[in-house]
Amino acid sequence: TTTRIAFLGLGHMGEPMAENLVKAGYDVIGFDVVPTALEAARAAGIPCADSALEAVAGADVVLTMFPSGRHLLEAYRGSTGLLAAAASDTMFLDCSTIDVAQAREAAELALSAGHRSADAPVSGGVVGAEAGTLTFMIGAEEKDMDQLNELLGAMGKRLVHCGSHGSGQAAKICNNMLLGISMIGAAEAFVLGEKLGLTHQALYDVISTASGQCWSVTTNCPVPGPVPASPANRDYVPGFAGALMAKDLGLALNALRDSGVAAELGPLAERIYRDFAAGEGAGRDFSGIITEIRNRSAG
Ligand code: NAD
């Protein structure tokens, strides 16, 4: 295909995603503000520009993979920003995980500058980015879905159109809020089981086939043994790092507040993972929260 993609943000996720677009035959031109990231991308075979504006000139799609919404809005705005630099009707596709409100604001800015816009945050982590097996949760107009499905299909295997602008981010943070809550629940259940004299395997055999069954138990089990591939078996090497769970719960908390939901567990999970990520939990799998619960327990 001759679609030209400016790929901005070549970090842990962006770099392997851009590589998959190159492999699929897209005309990719990358850029990252950090020189070492730019060099690594060039070494991996991704053609790169020397500035964001140079990358955006002549692009059909501007794909961003940034740390936060603040980075995105700063890059979009102003007379020297990306929106002003791009040819009209460019697709601005953001795959970062950001606040729902910021995603909607970014879409409004792009549309009022005469462009198209979509949010498509991912799950699947660096492993999924490298393998091209990411899940994309897409907030976009129906008319843009053919183009997006083709493009995102080169980097992922599950594409879910969740609704219009901001809906991808909304779905992602709802899912991750539930995931954070369910992991704390799973960890508390296993620590209680330990105190009550149950083996991990016995409790697993019950929960995994009974009504407490969930991904946090059957795939990412917080105790070693029952699920050999879970991070608990490798001293909680992520997996999904505590710092990222804390970030996503922070986004969920903002959305809960903005929308006035009377939630109790979401904010509690946010506090628990914020504390976890303030210490060595930042770089451990989020299922390592069980160690904190065990350590705080009496006896
Ligand atoms: P990262 O920090 O490794 O990469 C982000 C890159 O963006 C950095 O290299 C940074 O220099 C660059 N950048 C920032 N501002 C820029 C600008 N104006 N122009 C060009 N480059 C710019 O982060 P990551 O782990 O790749 O994550 C990216 C996003 O994906 C985040 O929003 C994260 O929450 C989300 N995410 C990450 C994972 C994961 O496992 N790492 C999983 C799912 C979603």
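Quick notes on the rules
Residues numbered from 1 in each chain as written. Predicted model: local features only at pLDDT ≥ 70, side-chain atom pairs only at ≥ 80, totals over all residues. Helix = DSSP H or I, 4+ residues; strand = E, 2+ residues; numbered from the N terminus. Rg over C-alpha atoms; globule rule 2.2 N^0.38 Å. Buried ≥ 20, exposed ≤ 12 C-beta atoms within 10 Å, placed from the backbone. Contact = placed C-beta atoms within 7 Å. UniProt positions renumbered as here; feature names shortened; annotations may be inferred. Axes fitted to C-alpha atoms, helices over the stretch in contact; angles between N-to-C directions. Parallel < 35°, antiparallel > 145°, perpendicular 65-115°, else oblique. Core = buried A, V, L, I, M, F, W, Y, C linked by C-beta atoms within 7 Å. Domains from an automatic or database assignment. Near = placed C-beta within 6 Å. Nonpolar A, V, L, I, M, F, W, Y, C, P; charged D, E, K, R; others polar. Pairing = 2+ DSSP bridges. Right-handed = clockwise from strand over helix to strand, strands pointing away. Left-handed = near helix turned anticlockwise from the far one by under 90°. pLDDT = per-residue confidence, 0-100.

Right, let's talk about the overall build of the protein chain for a bit. The helix and strand tally for the protein chain stands at 14 helices and 8 strands. Relative to the 2.2 N^0.38 estimate, which gives 19 Å for 299 residues, the radius of gyration of the protein chain is 21 Å and therefore close to what a compact globule would have. Along the first, second and third principal axes, the C-alpha atoms of the protein chain reach 65 × 45 × 35 Å. Taking all 299 residues of the protein chain together, 46% fall into the buried category. Long-range pairs, those at least 24 residues apart, make up 65% of the contacts in the protein chain between residues at least 6 apart in sequence.

According to UniProt, the feature "domain: 6-phosphogluconate dehydrogenase NADP-binding" (unreviewed entry) maps to residues 4-163 in the numbering used here. In the segment residues 4-163, helix accounts for 41% and strand for 24%; the C-alpha atoms at its two ends are 26 Å apart.

Let us look at the packing of helix α9 (residues 167-195) against helix α13 (residues 265-278). It is the contact of α9 with α13, at a shortest axis distance of 9 Å, that shows an interaxial angle of 70°. Taken together, the axis directions place α9 and α13 in an arrangement best described as roughly perpendicular. Of the residues in α13, those in contact with M177, G180, I181 and I184 of α9 are L265, G266, A269, I272 and Y273.

Here, the residues flagged by UniProt with the feature "active site" (unreviewed entry) are K172. Counting through the fold element by element, K172 comes out in helix α9. Setting aside residues up to four positions removed in sequence, K172 forms contacts with T97, P121, S123 and M137.

Quick look at the nonpolar core now. Core analysis: the largest hydrophobic core is formed by 88 residues, its most contacted members being A6 and V62. Here this core takes 12 residues from α9, the largest share from any one element. In terms of domain composition, this core takes at least three residues from each of domain 1 (4-164) and domain 2 (170-296). The residues contacting V62, other than those within four sequence positions of it, are A6, L8, V56, L82, A86, T90, F92 and L93.

Around the ligand, the structure places 26 residues, and the nearest of them are G9, G11, H12, M13 and T97. Counted by class, the shell around the ligand contains 15 nonpolar, 9 polar and 2 charged residues.

Another aspect to go through is the pairing of strand β7 (residues 134-139). A large share of β7 lies buried, amounting to 5 of its 6 residues. One ladder, built from 2 bridges, connects strand β6 (residues 122-123) with β7; its direction is antiparallel. When the sheet's bridge partners are listed, V122 is paired in β7 with F136. Pairing between β7 and strand β8 (residues 156-163): 6 bridges, direction parallel. From the neighbouring strand, G139 faces β8, where its bridge partner is G163. Tracing the backbone out of β7, into helix α8 (residues 145-153) and back to the parallel element β8 gives a crossover that is right-handed.

The domain boundaries assigned to the protein chain delineate domain 1 (4-164) and domain 2 (170-296). Each of domain 1 and domain 2 was reduced to a C-alpha centroid, and the two centroids are 30 Å apart. Counting residues at the interface gives 9 residues for domain 1, matched by 10 residues for domain 2. Its residues assigned to classes, the side of domain 1 that touches domain 2 shows 5 nonpolar, 3 polar and 1 charged.

In this section: the environment of D89. Of note, D89 is situated in the loop between α5 (82-85) and β4 (91-94). When near neighbours in sequence (up to four residues on either side) are disregarded, D89 contacts G114, H115 and R116.

What follows concerns the packing of helix α4 (residues 69-76) against helix α6 (residues 100-112). Contact geometry for α4 and α6: axes closest at 10 Å, N-to-C directions at 15°. With respect to α6, the axis of α4 lies roughly parallel. Note on packing geometry: the crossing formed by α4 with α6 is left-handed. On the side of α4, the interface is formed by G69, L72, L73 and Y76, while α6 contributes Q102, A103, E105, A106, L109 and A110. In terms of residue class, the contact of α4 with α6 is built from 7 nonpolar, 2 polar and 1 charged.

A few words on the confidence of the model for the protein chain. Taken residue by residue, the protein chain gives an average pLDDT of 97. The fraction at 70 or more is 100%. In the predicted assembly, ipTM is 0.99 and pTM is 0.96.

Turning our eyes to something else, we now look at the environment of D235. When you line up the elements, D235 lands in the loop between α11 (215-218) and α12 (242-259). A C-alpha to C-alpha distance of 8.7 Å links D235 and D285, two positions 50 residues apart in sequence.

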